[in-house]
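# Structural description and commentary
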Amino acid sequence: MNRFVIQVRFTKHGQSRFLSHRELMTAIQRAVRRGNIPVKMSEGFNPRPRISFPTALSLGIESNDEVIYMILSEWITPNDVIKKFQAQLPSGIKIIEVEPVLSTVLPKVEEVEYHIIFNSYKDSPDEHQIARFMEQKQVLIQRTRKEKVQLKDVKKFITNVRKLNDQTLFLGVKFTPEGSVSPEEVLESFGVKLSSAYVRKIKTILNSASV
């Protein structure tokens with residue numbers, strides 16, 4: 001049976017940033033169905049379209065660069081995918097690129113870059129706080145999982161934190177087999193609440209298996 005894999009990059013702006021990950025998945029699947037995109041279905045009693053979401057974006061966070069993979073049952077051109085798909089997507093979600101995946105292994109997310117824009121420069125960590133953070137071997141926060149309190153080392157997932165201006169931080173976060181860390185958890189380690197800032201994902205970096 002034919003199997004064609006495509007990588008789709010898209011933005012998530014405006015009111016669409018308030019879609020949960022589950023709601024985004026539903027919107028994508030609905031757009032695929034309504035746009036008659038020939039996505040292969042899974043087997044079993046509850047078949048689902050073969051669409052892979054390598055990362056989950058937290059509620060309220062904008063993105064300039066989201067990635068999904070689709071397995072097609074028959075080949076259609078990237079331009080046709082964009083035209084069929086875009087017409088069915090909610091406002092704020094815009095397809096920016098569709099490419100075939102030539103590797104037999106799907107590319108994995110290696111790192112994600114964010115801009116964190118604070119409501120006031122007073123809310124933003126200063127240069128000394130950032131320097132101390134980057135110098136530490138561990139930065140632990142508490143997490144409750146299944147009624148158990150666990151410690152999570154935020155620092156081991158951070159590739160870079162730096163100030164772009166008085167109210168904006170650049171944050172680089174790596175993805176590993178052990179997981180990753182959210183912007184909210186990084187802000188928590190600085191003693192800052194997510195409500196004090198506006199977060200935008202800038203770039204999704206894939207590994208060497210990328211298209």
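Here's a quick rundown of the structure. (Residues numbered from 1 in each chain as written. Predicted model: local features only at pLDDT ≥ 70, side-chain atom pairs only at ≥ 80, totals over all residues. Heavy atoms only, no water.)

### Concerning the overall build of the chain
For the chain, the helix and strand inventory stands at four helices and 10 strands. Moving toward the C terminus, one meets the helices and strands of the chain in the order β-α-β-β-α-β-β-α-β-β-β-β-α-β. Principal axes of the C-alpha set define a box for the chain whose edges measure 55 × 35 × 30 Å. The burial tally for the chain puts 41% of its 211 residues in the buried class. Restricting to contacts in the chain with at least 6 residues of sequence separation, those with at least 24 account for 72%. (Helix = DSSP H or I, 4+ residues; strand = E, 2+ residues; numbered from the N terminus. Buried < 20%, exposed > 50% of the residue type's maximum accessible area, 1.4 Å probe, protein only. Contact = heavy atoms within 4.5 Å.)

### Side note on the nonpolar core
By size, the foremost hydrophobic cluster in this structure holds 31 residues, and its most contacted members are I116, I158 and L171. Sorting the residues of this core by element identifies β3 (62–72), β5 (109–118), α3 (127–135), β8 (158–165), β9 (168–174), α4 (183–189) and β10 (197–206) as the ones contributing at least two each. For this core, the element with the most residues is β5, which contributes five residues. Those residues in contact with I116 that lie beyond four places of it in its chain are Q167, T168, L169, L171, L187, A197, Y198 and V199. (Core = buried A, V, L, I, M, F, W, Y, C linked by side-chain atoms within 4.5 Å.)

### Some points on the packing of aromatic side chains
Summed over the entire model, instances satisfying the criterion amount to two aromatic pairs. Directly above the ring of F170 sits R162, whose terminal nitrogen or CZ lies 4.1 Å from the centroid. (Phe/Tyr/Trp six-rings, centres within 6.5 Å; stacked < 30°, edge-to-face > 60°. Lys NZ or Arg CZ within 6 Å of the ring centre and 35° of its normal.)

### Topic: the environment of Q142
For Q142, the position within the fold is in strand β6 (residues 140–145). With a relative accessible area of 54%, Q142 lands in the exposed category. Separated by 46 residues in the primary sequence, Q142 and E188 place their C-alpha atoms 9.8 Å from one another.

### Details of the pairing of β6
Across six bridges, β6 lies against strand β7 (residues 148–153) in antiparallel orientation. Note that in β7 the partner of R143 across the bridge is Q150. Counting the residues that bridge the hairpin from β6 to β7 gives two residues, and of these K146 lies at a positive phi of roughly 55 degrees. (Pairing = 2+ DSSP bridges.)

### Focus on the pattern of salt bridges
Applying the stated criterion across every chain, the model contains seven salt bridges. Here R200 makes a salt bridge to E62, at a shortest N to O gap of 3.1 Å. Here the residue R200 occupies a position in strand β10, and E62 occupies one in strand β3, the gap between them amounting to 138 residues. Exposure remark for R200: the relative accessible area of 25% places this residue in the partly exposed category. With its nearest N and O atoms 3.8 Å apart, the salt bridge here joins D80 to K83. On the criterion of helical spacing, the pair formed by D80 and K83 is a turn pair, its members being three residues apart in helix α2 (residues 78–86). Given the relative accessible area of 29%, D80 is considered partly exposed. The structure contains a network of salt bridges with shared partners spanning R9, D65 and E97. (Salt bridge = Lys/Arg side-chain N within 4 Å of Asp/Glu carboxyl O.)

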